[in-house]
Amino acid sequence: KHPLLLPLVGTPWFALAGYDGLLLCNLLMFIAALWLAFRIASRFCPPEPAALAVIAVATLPVFTRVAYSYSNDILYTVLAVGAIELFLAEHWTWSGVLFGLAMVSKPTSVVLALPFGVWLLTTRRWRPAIRLAAGAVPPLLAWLVANWWMFGHPLTTAYNRILVRVHGQPSLADIARRFGRPWAQGWREIFADRE
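What comes next is a walk through the structure.

Calculation criteria
Residues numbered from 1 in each chain as written. Predicted model: local features only at pLDDT ≥ 70, side-chain atom pairs only at ≥ 80, totals over all residues. Heavy atoms only, no water. Helix = DSSP H or I, 4+ residues; strand = E, 2+ residues; numbered from the N terminus. Expected span 1.5 Å × (residues − 1). Bend = angle between axes of the 7 residues up to and from the residue. Buried < 20%, exposed > 50% of the residue type's maximum accessible area, 1.4 Å probe, protein only. Polar contact = N/O pair within 3.5 Å; in protein donor to acceptor, adjacent residues only side chain to side chain. Contact = heavy atoms within 4.5 Å. Salt bridge = Lys/Arg side-chain N within 4 Å of Asp/Glu carboxyl O. Phe/Tyr/Trp six-rings, centres within 6.5 Å; stacked < 30°, edge-to-face > 60°.

**A closer look at helix H1 (residues 5–42)**
The end-to-end C-alpha distance of H1 is 29 Å, clearly below the 56 Å that 38 residues give at a rise of 1.5 Å each. Its axis deflected by about 135° at Ala17, H1 carries its strongest bend there.

**Considerations on unusual backbone geometry**
In this model, Glu90 sits at a positive phi of 65°, which is unusual for a non-glycine residue. Mapping Glu90 onto the fold places it in the loop between helix H4 (72–88) and helix H5 (92–105). One non-glycine residue, Arg124, lies in positive phi territory at about 60°. Within the secondary structure layout, Arg124 lies in the loop between helix H6 (110–122) and helix H7 (126–151).

**Describing the side chain of Ser71**
Positionally, Ser71 belongs in the loop between helix H3 (61–67) and H4. Its relative accessible area of 7% is what places Ser71 among the buried residues. Polar side-chain contacts of Ser71 include one of 3.0 Å to the backbone nitrogen of Asp73. Leave out the neighbours within four places in its chain, and Ser71 touches Leu6, Asn26, Met29 and Val66.

**Brief notes about the pattern of salt bridges**
Applying the stated rule across the entire model yields four salt bridges. In this structure, Glu85 and Arg43 form a salt bridge, with 2.8 Å as the shortest nitrogen-oxygen distance. Here Arg43 lies in the loop between H1 and helix H2 (47–58) and Glu85 lies in helix H4, a separation of 42 residues in the sequence. Between Glu90 and Arg125 there is a salt bridge whose closest N-O contact spans 4.0 Å. With a gap of 35 residues between them, Glu90 in the loop between H4 and H5 and Arg125 in the loop between H6 and H7 connect regions that are remote in the sequence. The exposure class assigned to Arg125 is partly exposed, which follows from its relative accessible area of 27%.

**Some points on the packing of aromatic side chains**
Counted under the stated rule, the structure contains seven aromatic pairs. Ring plane angle 80° and centroid distance 5.1 Å describe the contact between Phe87 and Trp92, whose orientation is recorded as edge-to-face. Connected via pairs of aromatic rings, a cluster forms that spans Phe87, Trp92, Phe99, Phe116 and Trp119.

Any link to function would need more than the numbers given here.
Below you can see the structure in the form of structure tokens.
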């Protein structure tokens, strides 16, 4: 169900070591995300508290659950955290590339990227804003073209064409349909829906 980026990253690891290679790929992405988070935290406090904060976050169940997995969540996390680290280092174009790849990996990553672009615009830092956008555009355009080629429309994604089984038969599910429910029903299903 996820966009092509995770299989592109994982396939060489799978070719090298099968399913163990995918686990190793995921573990390396997890370690990279933690290292980048440490680098970001170290910009704002001494290394010791930064390390403690990262270790505390790394032991949360939300992270330990996906550490032994092959997870798109880890991929877009490492891309977004890398983009933030590059942004703070004022490497605008490369930050934009990683933000673009994070959005390709998970479109809702736009929520993480937008504040950085908005900050550049509101502080009238036009050249960095242009470079950030220029970096993000190529991966996003490639993703839109791939969506068009695979699904017939640039804004139709793999999330709109999830292969599932219904009563033993292959069927397509669309994640967007899950967002059209009344608020109270959706809230209840967060806790009660077995799917």
